[in-house]
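Residue strings, one per chain:
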Amino acid sequence: MNVLRLSLTALMIAALSSCGPLADETMPGASFVRGLIPSGQSDQAATAGAQGLTRAAIEQNERPQILVALPATGVAVPIALFEESRGKATYVTRDLVSVTLEEGLLIATRSLGADLMAADVDDIRPILQSGGGAVRVHDYLNGLNQIERHSYQCDVRVVGPETIEIFERSYRTTQVQEDCVSPDTSFTNIYWIDGAGTIWQSRQWVSPVIGYAEILKL
């Protein structure tokens, strides 16, 4: 099990265990909860505490769902789809925390504190399964409440095939890594993509304050 899966599994299990049955938290309006793993607790110990977390529980909900974990803050929560249009899907909680994905790529967040206001990933999408160079652009608010635009030169490369499991269901995927740099920031996004182009699992950069979001398609 790789480092990403260890951290994501531990965070999501702690969060889901603390908030009760999954069906209670995945419909629109589910609040973010804090699920901190006690120091030294193993992934296996966290797994043992996940009572009632099954594929059947996930499928009780009619809306598509994702699970988002923010390792830097110890927050993890499942969120149901609020609206979808032209390939852009927005997931929203009762507290109006939202995550927007474009064909699985993170393009915006709201109410996280240091949000990604918008991302232009038009160069990234076409090369996700083949690799190559591209530019992505992120918009952030500065201290004057003005939009600042940041451009990143990115290198996308195919790492190799990997079978992943998401709550009792296995997916044959290819791991793809996206290394991005700018004069003052660098980050690495990781995606697990199936043959149809669906991103089932990912680690994607939000902002310097928030760090990464780890996302599972449930």
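Above this note sits the structure.
Just so we're clear, the structure is a prediction, and the values are computed from it rather than from any experiment.

## Side note on the nonpolar core
Right, on to step 1. Of all hydrophobic cores here, the largest spans 38 residues; its most connected members are Val68 and Leu128.
Right, on to step 2. The leading source of residues in this core is strand β3 (residues 75–85), at four residues.
Right, on to step 3. Ignoring any residue separated from it by four or fewer positions in sequence, one finds valine 68 in contact with Val75, Ala76, Val77, Ile79, Val99, Ala213, Glu214 and Ile215.
Right, on to step 4. Within the second largest apolar cluster, 11 residues are counted, among which are Ile164, Phe167, Trp192 and Leu218.

## Let's talk about the state of the cysteines
Right, on to step 1. Scanning all chains against the criterion turns up one disulfide.
Right, on to step 2. The residue that forms a disulfide with cysteine 154 is cysteine 180, at a sulfur-sulfur distance of 2.1 Å. When the S-S torsion is 115 degrees, as for the bridge of cysteine 154 with cysteine 180, the disulfide is right-handed. Of this pair, cysteine 154 sits in strand β9 (residues 147–166) while cysteine 180 is found in strand β10 (residues 169–181), placing the two residues 26 residues apart along the sequence.

## A word on unusual backbone geometry
Right, on to step 1. Of note, the phi angle at glutamate 103 is positive, near 50 degrees, even though the residue is not glycine.
Right, on to step 2. Within the secondary structure layout, glutamate 103 lies in the loop between β5 (98–102) and β6 (105–110).
Right, on to step 3. Residue classification places glutamate 103 among the exposed residues on the basis of a relative accessible area of 53%.
Right, on to step 4. Of note, asparagine 145 is a non-glycine position whose phi angle comes to about 65 degrees, a positive value.
Right, on to step 5. Judged by its relative accessible area of 59%, asparagine 145 is exposed.

## Thoughts on the pattern of salt bridges
Right, on to step 1. The full count for this structure, using the stated rule, is six salt bridges.
Right, on to step 2. Across the pair aspartate 139 and arginine 149 runs a salt bridge whose closest N-O atoms are separated by 2.8 Å. Of this pair, aspartate 139 sits in strand β8 (residues 132–141) while arginine 149 is found in strand β9, placing the two residues 10 residues apart along the sequence.
Right, on to step 3. We classify aspartate 139 as buried; its relative accessible area is 11%.
Right, on to step 4. Sharing partners across several salt bridges, the network here consists of Glu102, Glu103, Asp122 and Arg125.

## Notes on the environment of glutamate 178
Right, on to step 1. Mapped onto the secondary structure, glutamate 178 falls in strand β10.
Right, on to step 2. In the structure, glutamate 178 is positioned 26 residues away from glutamine 204 in sequence and 9.4 Å away in space, judged by C-alpha atoms.
Right, on to step 3. If we ignore the near neighbours within four places in the chain, the residues touching glutamate 178 are Ile124, Arg136, Cys154, Asp155, Val156, Phe187, Thr188, Asn189 and Tyr191.
Right, on to step 4. Here arginine 136 takes part through its side chain, which lies 2.8 Å from a polar atom of the side chain of glutamate 178.
Right, on to step 5. Side chain to side chain, glutamate 178 and tyrosine 191 meet in a polar contact 2.5 Å long.

## Notes on the environment of valine 97
Right, on to step 1. For valine 97, the position within the fold is in the loop between β4 (88–92) and β5.
Right, on to step 2. Relative accessible area serves as the criterion here: at 8%, valine 97 is assigned to the buried category.
Right, on to step 3. For the pair valine 97 and threonine 109, spaced 12 residues apart in sequence, the C-alpha separation works out to 7.5 Å.

## Here's the deal with the pairing of strand β2 (residues 65–70)
Right, on to step 1. Where burial is concerned, most of β2 is hidden: six out of the six residues are buried.
Right, on to step 2. When β2 meets β3, the two strands line up antiparallel, connected through six bridges. Of the residues in β3, the one forming a bridge with isoleucine 66 is isoleucine 79.
Right, on to step 3. Connecting the antiparallel pair β2 and β3 is a turn made up of four residues, with glycine 74 showing a positive phi of about 75 degrees.
Right, on to step 4. Sheet analysis places β2 next to strand β13 (residues 211–217), joined by four bridges and oriented antiparallel. Within β13, the position partnered with leucine 67 by the bridge is leucine 216.

Criteria and thresholds
- Going along each chain's sequence as written, the residues are numbered from 1 onward.
- With the structure being a predicted model, the display of local features is reserved for residues of pLDDT at least 70 and the display and counting of side-chain atom pairs for 80 or more, all residues being used for whole-chain, interface and lining totals.
- Water and hydrogen atoms were dropped before computing side-chain values, which therefore reflect all heavy atoms in the structure.
- Only buried residues count toward a nonpolar core. Its members are Ala, Val, Leu, Ile, Met, Phe, Trp, Tyr and Cys residues joined through side-chain atoms within 4.5 Å.
- The rule is simple: take the accessible area with a 1.4 Å probe, protein chains only, and divide by the maximum for that residue type; under 20% is buried, over 50% is exposed, in between is partly exposed.
- We count a stretch as a helix when DSSP gives it H or I for four or more residues in a row; a strand needs E for two or more, and each element gets its number in order from the N terminus.
- Residue contacts are defined here by distance: any two heavy atoms, one from each residue, within 4.5 Å place the two residues in contact.
- By definition, disulfides here are pairs of cysteine sulfur atoms that lie within 2.5 Å.
- Any carboxyl oxygen of Asp or Glu within 4 Å of a side-chain nitrogen of Lys or Arg constitutes a salt bridge here.
- Here a polar contact means two N or O atoms within 3.5 Å. Within protein one must be a hydrogen donor candidate and the other an acceptor candidate, and residues neighboring in sequence count only if both atoms are side-chain atoms.
- When DSSP finds two or more bridges between a pair of strands, those strands are recorded as paired.

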